[in-house]
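Single-letter residue listing:
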Amino acid sequence: MAEQDYDLIVIGAGPGGYVAAIRAAQLGLKTACVESRETLGGTCLNVGCIPSKAMLHASELYHEAQSGALAKFGIDFKGVGLNLDQMQAEKTKAVGELTGGIEFLFKKNKVDWLKGHAAFTSPNSIDVAGKSYTAAKIMIATGSSVTPLPGVTIDQKVIVDSTGALALPKVPKHLVVIGGGVIGLELGSVWLRLGAQVTVVEYLDQILPGMDGEVRKEAAKIFKKQGFNIRTGTKVTGATVKGGTATLTVEPAAGGAAESIEADCVLVAIGRKPNTEGLALDKAGLTVNGRGQIEIGHDFQTSVPGIYAIGDVVPGPMLAHKAEDEGIAAAEFVAGLTGIVNHDVIPGVVYTYPEIASVGLTEEEAKAQGEVKVGKFPMMANSRAKTNRDTDGFVKVIADAKTDRVLGVHIIASIAGSMIAEAALSMEFGATSEDIAYTCHAHPTHAEALKEAAMAVTGKPIHM
Ligand code: FAD
Ligand code: NAI
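Model, not experiment: these values are computed from the prediction. (Residues numbered from 1 in each chain as written. Chains lettered and ligands numbered in written order. Predicted model: local features only at pLDDT ≥ 70, side-chain atom pairs only at ≥ 80, totals over all residues.)

Summarising burial for strand β9 (residues 174-178): 4 of the 5 residues are buried, a large majority. Bridge analysis of β9 against strand β10 (residues 197-201) gives 5 bridges, and the strand direction is parallel. Along β10, the bridge assignment pairs V177 with V200. The handedness of the β9 to β10 crossover, carried by helix α6 (residues 182-193), is right-handed. (Buried ≥ 20, exposed ≤ 12 C-beta atoms within 10 Å, placed from the backbone. Helix = DSSP H or I, 4+ residues; strand = E, 2+ residues; numbered from the N terminus. Pairing = 2+ DSSP bridges. Right-handed = clockwise from strand over helix to strand, strands pointing away.)

This next bit is on the pairing of strand β19 (residues 355-360). Regular strands have side chains that alternate between both faces of the sheet. Burial runs high along β19: 6 of the 6 residues are buried. Here strand β18 (residues 348-350) pairs with β19 via 3 bridges, running antiparallel. In the strand pairing of β19, G348 is matched with S358. In sequence, β18 turns back onto β19 through a hairpin of 4 residues.

Moving on, we get to the site of ligand 1. Near ligand 1, the surroundings consist of 36 residues, among which G12, G14, G42, G143 and G311 are the closest. Broken down by secondary-structure element, the contributors of at least two residues to the shell around ligand 1 are α1 (15-26), β2 (31-35), α2 (42-47), α3 (49-67) and α9 (320-334). For the shell around ligand 1, a count of residues per class yields 15 nonpolar, 18 polar and 3 charged. (Near = placed C-beta within 6 Å. Nonpolar A, V, L, I, M, F, W, Y, C, P; charged D, E, K, R; others polar.)

Our focus in this paragraph is the sheet that holds β10. On the basis of which strands lie adjacent, the open sheet formed by 5 strands has the order β8-β15-β9-β10-β11 and parallel pairing. For this open sheet the edge positions go to β8 (159-160) and β11 (229-231), each flanked by a neighbour on one side alone. Relative to β11, β10 runs parallel, the two being bridged by 3 bridges. Opposite V201, over in β11, you have R231 as the bridge partner. Sitting on the sheet, α6 is in contact with β9, β10 and β15 (265-268), with an inclination near 165° to β10. (Contact = placed C-beta atoms within 7 Å. Axes fitted to C-alpha atoms, helices over the stretch in contact; angles between N-to-C directions.)

This part is about the UniProt feature "binding site: NAD(+)" (unreviewed entry) in the chain. Here, UniProt's "binding site: NAD(+)" (unreviewed entry) annotation points to G179, G180, G181, V182, I183, G184, L185, E186, E202 and G271. Over a stretch of 93 residues, the named residues converge on one spot in the fold, their C-alpha atoms separated by at most 14.4 Å. Within the element layout of this structure, G180 appears in the loop between β9 and α6. Not counting residues up to four positions away in its chain, the partners in contact with G180 are L185, V200, E202, I207, L208, I230 and T232. On the secondary structure map, V182 appears in helix α6. Overall, V182 belongs to the buried group, with 25 C-beta atoms counted inside 10 Å. (UniProt positions renumbered as here; feature names shortened; annotations may be inferred.)

Let us now look at the UniProt feature "binding site: FAD" (unreviewed entry) in the chain. Per the UniProt record, the feature "binding site: FAD" (unreviewed entry) sits at K53, T142, G143, S144, D312, M318, L319, A320 and H321. Topologically, T142 is positioned in the loop between β6 (131-140) and β7 (144-146). Aside from chain neighbours lying at most four places away, what touches T142 is I11, G12, N275, T276, L279 and V313. Summarising the element assignment, A320 is placed in helix α9. For A320, a count of 22 C-beta atoms within 10 Å translates into the label buried. Residues in contact with A320, not counting those within four places in the same chain, are P15, C44 and C49.

Under the domain assignment, the chain is made up of domain 1 (6-146 + 273-334), domain 2 (159-270) and domain 3 (348-456). A separation of 29 Å is found between the C-alpha centroids of domain 2 and domain 3. Domain 2 puts 12 residues into the contact, and the matching count from domain 3 is 14 residues. Of all the secondary-structure elements, those providing two or more residues to the side of domain 2 that touches domain 3 are α6 and α7 (213-226). With 6 residues, the single largest contributor to the side of domain 2 that touches domain 3 is α7. (Domains from an automatic or database assignment.)

In this section: the nonpolar core. Core analysis: the biggest nonpolar cluster contains 143 residues, and I9, M139, I178, V266 and L267 have the highest contact counts within it. Non-local contacts of I178, meaning those with residues more than four positions away in its chain, are made with L149, V152, V201, V236, V266, L267, V268, A269 and I270. (Core = buried A, V, L, I, M, F, W, Y, C linked by C-beta atoms within 7 Å.)

Okay, the site of ligand 2 next. Around ligand 2, the structure places 27 residues, and the nearest of them are G179, G181, I183, Y203 and M318. Within the residue set of the shell around ligand 2, elements represented by two or more residues are α6, β12 (234-242) and β18. Broken down by element, the shell around ligand 2 gets its largest block of residues, 4 residues, from α6. Broken down by class, the residue content of the shell around ligand 2 amounts to 17 nonpolar, 6 polar and 4 charged.

Further remarks concern the sheet that holds strand β21 (residues 394-400). Spatial ordering of the open sheet is given by β18-β19-β22-β21-β20, a layout of 5 strands whose pairing is antiparallel. Two strands bound the open sheet, and with one partner strand each, they are β18 and β20 (372-378). Averaged over neighbouring strand pairs, the angle between their axes works out to 10° when direction is ignored. Packing of α7 onto the sheet brings it into contact with β19, β21 and β22 (406-413), and relative to β22 it is tilted by some 5°. Across the sheet, helix α14 (residues 448-458) touches β20, β21 and β22, and the angle it forms with β20 is around 140°.

This next bit is on the environment of K217. Checked against the element boundaries, K217 lands in helix α7. On the basis of neighbour counts, which here come to 13 C-beta atoms within 10 Å, the residue K217 falls in the partly exposed class.

Here helix α12 (residues 416-428) contains 13 residues, and its C-alpha end-to-end distance of 18 Å stays within 8% of the 18 Å for a straight helix at 1.5 Å per residue. Turning to α12, its buried residues are A416, M419, I420, A423, S426 and M427. Looking straight down α12, one finds its buried side chains confined to an arc of 110°; they lie on one side. Buried residues belonging to α12 abut β18, β19, β22, α13 (433-437) and α14. Backbone geometry just after α12 places G430 at a positive phi near 70°. (Expected span 1.5 Å × (residues − 1). Arc of directions from axis to C-beta.)

Given below as structure tokens:
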């Protein structure tokens, strides 16, 4: 066989693809990465994780200053103003620094960036911007994009997806979010804090599907207290836009009388779908499953030997860190090593206030598998949370009743996203609740609430 242009070509430079390309290059493979966007970093860096966290952070600072929430600490602000253009500019700056950082890492690691859209021409060749490239192995890391809602056409002005909602030029008066999932609650929080009235329309009878039942209930209570108008068990059946106002037709999910809701902005956030269109998968001999995903084996190889797939385009949670870890493991397989991702221990975080974080099985899932013991500790009884006045939430540890091995941890707390790392590490090491309970935790920290919840699994916490 004639020599190939590359040992590995990765299609897509999101957190899955760019990480895979860098790891492959580190392992000595001649590597290229195709990306059709103007900048590297994929959904996550350009229009996902990073800009959303920038807006969440900035809007939280504004809300704290503007709402008078800091007055109890003796901090008085007068005439707090919102400069949305500046807030957006700072977000754009952070995104630019991070995407530019990936370009630097590509150069440093000698990864070639092939600019343009890739389409297969055979199992080991692709076409990019009219040029053909061959590779011994090809990895698909094309990510995902927003799932459209029939009858509600996204125009990125009045009816927007997450990308539009991250770049609104002014604070809407009334934002309706369709979908009470992660995007809806995070971006809903941003605009609520900046002064919008926010209504969340969720099809199911509770928000945050897939999360622990108790967490979902508590989260809904907290969000309602913050001012979210949450309408569960409700579906949107259509939308019309006239003169900058959208009129949505909604009705009970179970059927019933329709009504209309008016809004000057509508965010469609009902999930995301894998990106496979335009890849000419048929030329490579590949197909997708019923959910549009590319199926893979334990080594991230698809049904066609030599073609790998990772990240949002394959089954599993659509999360950046899952994509990154798969990128590293898959690159290691491509290089002839054995890569490992423990799909049972992938943390998930919703970056609202408070944050909501989980790892492992929910209580419902764990109980369906066998007998469990559950330990809970409220943030209200944690000294640091009490001192900081951020006492909303709890920590819940679920352990196997016989072996005491930790099966899942669920946290609602101001810094739950940071706290969950310890739970993930414990589970990765096969910890029991006793192991966590007998680990010395620094005082005063929010992390002590995890220790006390672990103590509550088999005995009693001290501070409750
Ligand atoms: P992507 O990041 O989607 O990257 C795929 C890349 O491939 C894209 O840049 C695309 O342009 C390119 N591409 C596609 N097809 C082709 C082609 N044929 N040729 C060339 N290039 C192509 N996850 C978290 O873990 N934490 C968060 O806080 C978080 N926040 C989010 C907030 C929002 C608003 C959104 C939308 C998502 C968020 N996510 C978050 C999810 C996260 O962004 C994704 O899980 C992650 O980006 C998936 O990585 P990936 O590499 O699989 O794909
Ligand atoms: P999601 O799956 O989290 O939530 C979608 C919600 O929309 C669900 O509650 C669903 O029941 C509801 N829904 C579906 N159809 C509906 C309809 N017709 N009417 C009303 N409600 C409807 O999806 P979302 O929020 O779009 O996010 C997509 C993915 O992006 C997430 O699943 C997550 O993997 C990723 N993400 C991760 C973040 C994080 O890790 N912090 C932040 C943002 C996104």
